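One letter stands for each residue in the lines below.
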Amino acid sequence: FNIGEGFQRYALQNKIKTAKIDGIFLTRATTEAAGGLPGTLLTLADKIGVETGTTSISVHGPRGMNAFANCLRTYVNIRDIKL
């Protein structure tokens, strides 16, 4: 639940395998809840398909998250991932 800024560092320090993430759940559309989403999606874009054999990630959240995720596509190259 929620993927704030610093999530990738937290995952590394706590030995969480990000390649096994197949769903992201956000409780609100704020920087505290979704600030780490662009970086995490970039990391997953590099790993997904290679390590997992899949090309999609589910991002669940409140209204407006679909628009937010699509806005990310304009400056973060996550075109290879189906959201």
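About the cut-offs
- Residues numbered from 1 in each chain as written.
- Predicted model: local features only at pLDDT ≥ 70, side-chain atom pairs only at ≥ 80, totals over all residues.
- Heavy atoms only, no water.
- Helix = DSSP H or I, 4+ residues; strand = E, 2+ residues; numbered from the N terminus.
- Buried < 20%, exposed > 50% of the residue type's maximum accessible area, 1.4 Å probe, protein only.
- Contact = heavy atoms within 4.5 Å.
- Phe/Tyr/Trp six-rings, centres within 6.5 Å; stacked < 30°, edge-to-face > 60°.
- Axes fitted to C-alpha atoms, helices over the stretch in contact; angles between N-to-C directions.
- Left-handed = near helix turned anticlockwise from the far one by under 90°.
- Nonpolar A, V, L, I, M, F, W, Y, C, P; charged D, E, K, R; others polar.
- pLDDT = per-residue confidence, 0-100.
- Arc of directions from axis to C-beta.
- Core = buried A, V, L, I, M, F, W, Y, C linked by side-chain atoms within 4.5 Å.

## Points about the overall build of the chain
- For the chain, the helix and strand inventory stands at 4 helices and 2 strands.
- Going from N to C terminus, the chain has its helices and strands arranged as α-β-α-α-β-α.
- Split into buried and exposed, the 83 residues of the chain put 30% on the buried side.
- Summarising the internal contacts of the chain: among those between residues at least 6 apart in sequence, 75% fall at separations of at least 24.

## Some points on the packing of aromatic side chains
- Under the counting rule described, the total for this entry stands at 1 aromatic pair.
- Between F1 and F25, the ring centres sit 5.5 Å apart and the planes meet at 35 degrees, which makes this aromatic pair tilted. One end of the pair, F1, is in the segment before α1 (7-13); the other, F25, is in strand β1 (residues 23-25), with 24 residues separating them in the sequence.

## Digging into the packing of helix α3 (residues 37-47) against helix α4 (residues 65-72)
- At their nearest, the axes of α3 and α4 sit 11 Å apart, and the two run at 60 degrees to each other. Regarding α3 and α4, the two cross each other, and that crossing is right-handed. Residues L37, P38 and L41 of α3 form the contact with α4, whose own contacting residues are M65, F68 and L72.
- A breakdown of the residues in the contact of α3 with α4 according to their chemical character gives 6 nonpolar, no polar and no charged.

## Thoughts on the confidence of the model for the chain
- Summary statistics for the chain give a mean pLDDT of 79 and a share of 82% for residues scoring 70 or more.
- When mean pLDDT is taken per element in the chain, α1 scores highest with 91 and α4 scores lowest with 78.

## What about α3?
- The complete set of buried residues in α3 reads L37, P38, T40, L41 and L44. On an axial view of α3, the arc spanned by its buried residues comes to 160 degrees, and they lie on one face.
- Residues of α3 that are buried in the fold lie against α1, β1, α2 (31-34) and α4.

## A few points about the environment of A11
- Among the structural elements, A11 can be located in helix α1.
- Look past the residues within four positions of A11 in its chain and what remains in contact with it is I16 and T18.

## Section: the nonpolar core
- I3, I24, L26 and L37 are the most contacted members of the largest nonpolar core, which has 13 residues in total.
- Secondary structure elements with two or more residues in this core: α1, α3 and α4.
- Of all the elements, α3 adds the most residues to this core, at 3 residues.
- Apart from residues lying up to four places away in sequence, I3 is in contact with I24, L26, A33, A34, G35, G36, L37 and T40.

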